[in-house]
Amino acid sequence: MIYGHGDDLFSYRDRVRMNFSSNLPAFADLTALKEHLATRLDVIGTYPEPEPRQLEALIADDLGISAGSVMVTAGATEAIYLVAQLYSGWASVIPQPTFSEYEDACKAYGHIVSYYDNDDMEVLPDERLYWLCNPNNPTGNVILKPLIRHIMREQRNYMFVIDQSYEDYTLKDMLQPREVADCHNLILIHSMTKKYCIPGLRLGYITASPIIIDRLRLLRRPWTVNALAIEAGIYLTENHVKVIPDMQKYLEDAAQLHAQLSGVPGLMLMDSDTNFMLAYMDHGHARDLKQWLIDNHGILIRDASNFHGLDSHCFRVSAQTPEQNSALVAALREYFK
């Protein structure tokens, strides 16, 4: 679903003044990274490492695990497709609503896909993956770590793929790679794109047992991670850069936005543990609201109607600056009035 994601800013160009459609804050400070990359533009004149082993070693050291347990990818999306390819032909259980690329990747590699229907559970083959987005996109809810551990203990024969791309956007306790380094039925997906707000550079990584990582390496094409992305990853990891200075304050702003939107007549908000949230309109269609906000206020939201299990009344927004959040609330009050 290449053209069905959020942050479709490219479709509107200079018409957008405030972007709530991406799950990333538009106010992230990338000044230091840009200044560093400006001094390293010479790297585009040579091939990067076929596999970004230097960056993998830095990440592993930072996480307290072996370098053999880390594989850097071109964003979390490449990681998702590599995992689906590795387990080609298996059954994949994907609770909904969630990120669409799990289903797309699984169908591309011949998986039997289940949406966690109880009837399916009785007939699915034992070669089975469970895909969990945690925190979940688009709902923003977090499955607590003790529950995940319980599920994995109860289902030792199955593989679990837990996408923690938004792990840096919640105050909830998340699984740490060093805690599960010896777990052979778990793959964790991480996103430097999300952590450092650099979606244009496409940078993510997988942590898993060295056995799984070695098998994934056999599938990856060389040079999928470009030289500038590697350079950015090394700089950000070595310097422990924070592009969002105060995450706690940001999440407090997000909670305030959630409360204000919940008070708009005609809207119902799902609980969220992150900076983004899912809203339901009791009348009208999200596509019409999206267009009206663009035309009248230069505000871009995410029409969430194409998530499996959601309908045309659903949209998603992520918190931005307090001033922009207030502008969004005022615009929505105007629309529903």
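Residues numbered from 1 in each chain as written. Predicted model: local features only at pLDDT ≥ 70, side-chain atom pairs only at ≥ 80, totals over all residues. Heavy atoms only, no water.

Caption draft 1: How the structure looks around the packing of aromatic side chains. For the structure shown, the criterion picks out 11 aromatic pairs. Aromatic side chains Tyr47 and Trp223 sit 4.9 Å apart centroid to centroid with 40° between the ring planes, which places their arrangement in the tilted category. Taken together, the positions of Tyr47 in the loop between α1 (31-38) and α2 (53-63) and Trp223 in the loop between α8 (210-217) and α9 (227-239) put the pair 176 residues apart, joining distant regions of the chain. Judged by its relative accessible area of 68%, Tyr47 falls in the exposed class. Aromatic ring contacts, followed pair by pair, group Phe99, Tyr102 and Trp131 into a single cluster. (Phe/Tyr/Trp six-rings, centres within 6.5 Å; stacked < 30°, edge-to-face > 60°. Helix = DSSP H or I, 4+ residues; strand = E, 2+ residues; numbered from the N terminus. Buried < 20%, exposed > 50% of the residue type's maximum accessible area, 1.4 Å probe, protein only.)

Caption draft 2: Structural view of the side chain of His111. In this fold, His111 is placed in the loop between α4 (101-108) and β4 (112-114). When residues no more than four places from it in sequence are discounted, the contact partners of His111 are Ala84, Tyr87, Ser88, Gly89, Trp90, Ser92 and Cys106. (Contact = heavy atoms within 4.5 Å.)

Caption draft 3: Structural context of the nonpolar core. Of all hydrophobic cores here, the largest spans 60 residues; its most connected members are Ile301, Phe315 and Leu332. Those residues within four positions of Phe315 in sequence are excluded, and the remaining contacts are Leu267, Met277, Leu278, Ala279, Met281, Ala286, Leu289, Ile301, Arg302, Ala304 and Leu332. Formed by 27 residues, the second largest nonpolar core is a distinct cluster that contains Leu86, Cys106, Met159 and Leu216. (Core = buried A, V, L, I, M, F, W, Y, C linked by side-chain atoms within 4.5 Å.)

Caption draft 4: Main features of empty space enclosed by the protein. Tallied over the entire structure, the rule returns 1 cavity of 30 Å³ or more. Space inside the largest cavity adds up to approximately 70 Å³. If you go around the largest cavity, the residues you meet are Ile65, Ser69, Pro177, Val180, Ala181, Cys183, Leu186, Leu188, Thr207, Ala208 and Ser209. (1 Å grid on protein atoms, 1.4 Å probe; cavity = no way out; pocket = protein on both sides within 12 Å on 5 of 7 lines; lining within 4 Å. Points joined across faces, edges and corners; volume = space filled by probe spheres on them.)

Caption draft 5: Structural detail: the sheet that holds strand β9 (residues 267-269). The antiparallel open sheet is built from 4 strands, whose spatial order is β9-β10-β13-β12. In this open sheet, the two edge strands, each paired with only one partner strand, are β9 and β12 (302-303). Bridge count between β9 and strand β10 (residues 276-281): 3 bridges; the pairing is antiparallel. Note that in β10 the partner of Leu267 across the bridge is Met281. Along the sheet, helix α10 (residues 247-262) makes contact with β9, β10 and β13 (314-318), crossing β9 at roughly 145°. (Pairing = 2+ DSSP bridges. Axes fitted to C-alpha atoms, helices over the stretch in contact; angles between N-to-C directions.)

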